[in-house]
Amino acid sequence: MVDHEILLEVKDLHVSYGAIKAIKGISLYVKRGEVVTILGANGAGKTTTLRTISGLLKSTDGHIYFDKEDITTVPAHDIVGRGMSHSPEGRKVFGTLSVEENLHMGAYTLKTHDEETLGWIYKILPRLEERKKQLAGTLSGGEQQMLAIGRAIMSKPKLLILDEPSLGLAPVLVKGIFKAIKEISSTGVTVLIVEQNAKAALKLADRGYVLELGKITHEGTSEELLNSTVIQEAYLGKKKK
Amino acid sequence: MDIFLQQIVNGLTIGSLYALVALGYTMVYGVMKLINFAHGDLVALSAFAGLTIYTSIFADGGTSIIAVITVFMFTAAIIAVVGVLLERLAYRPLRTAPRLSAVVSALGAGLVIQNSIMLIWGPNMKIFPSDLFPSTIYDINGVVITFTQLMILIFSSVLMIALYLFINKTKIGTAIRAVAIDQDAAKLMGINVNKIIMIIFIIGSALGAVAGLFIGIYYRGITFDMGWMYGLNAFVAAIIGGIGNIPGAMFGGLMLGLFNALISGYISSAWAETFTFMLLIVVLIFRPTGILGEKVAEKV
Ligand SMILES: Nc1ncnc2c1ncn2[C@@H]1O[C@H](COP(=O)(O)OP(=O)(O)OP(=O)(O)O)[C@@H](O)[C@H]1O
Ligand SMILES: [Mg+2]
C-alpha cells in the first residue's frame, strides 16, 4: 500500500563536531503521510539530527534514505529539489528581504512561479499576506515563524521538517502555528517535527522518538508515549504519584 | 566656477571607475565576508590583456565600434574566468578555515597576478593607443568633456543600473542577497551556494575588467603595479559606502572620485591621497559601518 510506504529512513547515524560525538548511532523512519516527532532535552542532538537529514551536516557513519534513494552524501541544495524542506531552528528568515521575497526563495527549486501554493499559504497564514511588502526582519517573532513555515512549504515538499516551531512564542501564537501545521499535514505532506512542547507535539503526531545524549531511548505511537510514566515525568512535567 | 564644474566632470569620470571596481569588493564581501585583495590586480590584468587583444587583433588600428566592443567583451570574459579560477584555487579551499588564512591567501593571489603581469608584459609602462575612441571634445560653456569621458559615464551608469535591477528584481539576484544573509538558510531553499559565489566572481571581475580597460583608454599609461592604487581607492570607496552594500559601493565610488577631483583642483593632486584617508577616517568616526551600510557591524 502506497500510503504506508516509508518516505524517510535513517539507519545507524553517527554525527560528530570535531571530537565531540553528538549523535551516536540512531535509527528512525517516517512513513508517507505521517507526523512524527522527536523529543528530547536541550543538547540531546535533535537539531543535529535534522541538519544531517537535510544535508547541512555530513554524518561520520550510517545512511539516510529519502524517497527510496540514498541521500547520505547528497548536498543540501539538491535534497530540497527531491522533495524535502527544512524550517530551521531559530526561524532563519532572510531579514533584509521582504516577506514575499522570502516566500519566493522558498520556491527557488521550482521552475514556474507557483501562485497556487502562495495563495494557499496566504490563506492558512493570513498575516503574511498583510505584510508581504514588509522586510522579514521587522516582523514579530510569531510572524517570522509563520513565514519560516510558509517559506518551507513553497517548494511543495513531500517531507516537511520543523525544528522547534513554537520556540519563544506566546501560547496563543503556538496554537495558531500548530493549527497551521495540522492543516499542512492534512493535505498529505509528511511532517517530522522537533518540539520542546512535548505535549502539543505528541497530540499532533502519530508517532514519536525520544532522544537522549545522542541516542534514541524510547519510541512508540503518540498514545504510548503520552501514557508512559517515564515520558510523563521527564517531558510532560508530571510528578510521580 | 568653471574649475568647479570641470572638476565635477573629471571627478564623476574617475568616480564611476572607482565605483565599478568597488562593486567587486563589496559583492564578494557581502557573500563571503572576505576582502578579495587580488581584485585590484585583476583590474590591472584587464588593462594589459585588453591592450594585447586590441593591438594583436586590430593591428591596422583605426577606430571601429566593432573593434572596441570586441575588445571589451573578450577582455571581460577572460578576466571573469580568471576571477572564477581565483575563487576556486585561492578562496574555496579556505572557506571554513580561519578568516586570516583567507586574507593571506588573497594578498598572495594578488602578488601572483601582479608578478605574472610583470613577467608577461615587462616592468615598464605600456601605452594605450589614442585611437580606440574618437578624440572628439565637447565644450559646454567652458566645461570640457572628452568622448572617452562621456563613454565612461554612460557605460558605467548603464552597467550599474543593470546590476541594481539584476540584484533587486530577478530570482538569481534575490538568491544572491539570500546567500549574503545566511548561507545555511539559503541552502535549505535549494540554492547552490557555490554557484552563487561563482556568479558573484563573474560579475565582479567583469565589472573590474571594464574599469581596467577604461583606465587604460582614459589615462593611457598602464603599469603592472597599478592594481594597488586603483584597488586601494576602490576599496576605500566600498568602505565609505558601506562594505557589502551594492548601492553603497556605487555611491562611495562617485563620492570619492568627486572628492579627489575637488582636492586636486583646489589644493593639489599631491594631497589627494592624504585627503582620501582623512575622508575615510571622518566617515568611519561618524558612520562606522559606512554611509549606506547598516547591517555590517553584526556580521563582522
Ligand atoms: N556547531 C557545534 N559545534 C560543536 N558542538 C555542537 C555544535 N552544535 C551542537 N553541538 C553540540 O552537539 C550536541 C547536540 O546539539 P543540538 O543542537 O543538536 O541539540 P538539541 O537537541 O537541538 O538542543 P536544543 O533543544 O537546545 O535545541 C550538544 O551537546 C551541543 O553542544
Ligand atoms: Mg535544537
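As shown above, the structure is provided for reference.
Residues numbered from 1 in each chain as written. Chains lettered and ligands numbered in written order. Predicted model: local features only at pLDDT ≥ 70, side-chain atom pairs only at ≥ 80, totals over all residues. Heavy atoms only, no water.

**Q** How do you make sense of the packing of helix 2 (residues 39-57) of chain B against helix 8 (residues 193-219) of chain B when you look at a structure like this?
**A** Two quantities define a packed helix pair, namely the angle between the helix axes and the distance between the axes. All names here are of chain B. At their nearest, the axes of helix 2 and helix 8 sit 7 Å apart, and the two run at 55 degrees to each other. If you check the angle between helix 2 and helix 8, you find them oblique. Classified by chirality, the crossing of helix 8 by helix 2 is right-handed. Contact residues: helix 2 offers His 39, Leu 42, Val 43, Ser 46, Ala 47 and Gly 50, while helix 8 offers Gly 204, Ser 205, Gly 208, Ala 209, Gly 212, Leu 213 and Ile 215. (Axes fitted to C-alpha atoms, helices over the stretch in contact; angles between N-to-C directions. Helix = DSSP H or I, 4+ residues; strand = E, 2+ residues; numbered from the N terminus. Parallel < 35°, antiparallel > 145°, perpendicular 65-115°, else oblique. Left-handed = near helix turned anticlockwise from the far one by under 90°. Contact = heavy atoms within 4.5 Å.)

**Q** Any chance you could explain the nonpolar core here in plain terms?
**A** Looking at soluble globular proteins, one finds that nonpolar side chains tend to be buried together. By size, the foremost hydrophobic cluster in this structure holds 101 residues, and its most contacted members are Met 105 of chain A together with Tyr 91, Leu 163 and Ile 191 of chain B. In terms of residue count, the dominant contributor to this core is helix 8 of chain B (16 residues). Those residues in contact with Ile 191 of chain B that lie beyond four places of it in its chain are His 77, Met 105 and Tyr 108 of chain A together with Ala 175, Ala 178, Val 179, Ala 186 and Ile 196 of chain B. (Core = buried A, V, L, I, M, F, W, Y, C linked by side-chain atoms within 4.5 Å. Buried < 20%, exposed > 50% of the residue type's maximum accessible area, 1.4 Å probe, protein only.)

**Q** Any chance you could explain the site of ligand 1 here in plain terms?
**A** Residues and elements named next belong to chain A. Inspection of the region around ligand 1 gives 13 residues, with Gly 43, Lys 46, Thr 47, Thr 48 and Glu 89 positioned closest. Separating an oxygen atom of ligand 1 from a backbone N or O atom of Ala 44 is a distance of 3.2 Å. Taking Gln 196, its side chain carries an N or O atom lying 3.0 Å from an oxygen atom of ligand 1. With the chains in place, 61% of the 630 Å² that ligand 1 exposes on its own is no longer accessible. Taken together, the residues of the shell around ligand 1 break down into 4 nonpolar, 6 polar and 3 charged. (Near = heavy atom within 4 Å. Polar contact = N/O pair within 3.5 Å; in protein donor to acceptor, adjacent residues only side chain to side chain. Areas by Shrake-Rupley, 256 points an atom, 1.4 Å probe, with all protein chains shown as cover. Nonpolar A, V, L, I, M, F, W, Y, C, P; charged D, E, K, R; others polar.)

**Q** Can you help me understand the interface of chain A and chain B in this one?
**A** You'll often see interface size given as the accessible area lost when the parts meet. Across the contact, 21 residues belong to chain A and 20 residues belong to chain B. Both sides of the chain A and chain B interface together cover about 1,900 Å² of buried area, and 69% of this is carbon and sulfur. Across the chain A-chain B interface, the total number found is 2 salt bridges. The residue Arg 51 of chain A makes a salt bridge to Asp 184 of chain B at a minimum N-O spacing of 2.8 Å. In this assembly, chain A and chain B are joined by 4 residue pairs in polar contact (both at pLDDT 80 or more). Of all the secondary-structure elements, those providing two or more residues to the side of chain A that touches chain B are helix 2 (76-81) and helix 3 (99-106) of chain A. Class assignment for the residues of the side of chain A that touches chain B results in 10 nonpolar, 7 polar and 4 charged. (Buried area = accessible area lost by both parts, 1.4 Å probe. Salt bridge = Lys/Arg side-chain N within 4 Å of Asp/Glu carboxyl O.)

**Q** Mind showing me how you'd approach the sheet that holds strand 6 (residues 84-87) of chain A here?
**A** Across a sheet, paired strands are connected by hydrogen bonds in the backbone, their directions being either parallel or antiparallel. Residues and elements named next belong to chain A. With respect to topology, 6 strands assemble into an open sheet ordered 6-7-8-3-9-10, the strand pairing being mixed. Strands with a single pairing partner mark the edges of an open sheet, and in this sheet they are strand 6 and strand 10 (215-221). Neighbour to neighbour, the strand axes of the sheet diverge by 15 degrees on average, direction disregarded. Judged from the 4 bridges that link them, strand 3 (residues 35-39) and strand 9 (residues 207-212) form a sheet pairing that is parallel. Within strand 9, the residue paired with Leu 39 across the bridge is Val 210. The sheet contacts of helix 1 (residues 46-53) involve strand 3, strand 6, strand 7 (159-163), strand 8 (190-194) and strand 9, and relative to strand 7 the element is tilted by about 150 degrees. (Pairing = 2+ DSSP bridges.)

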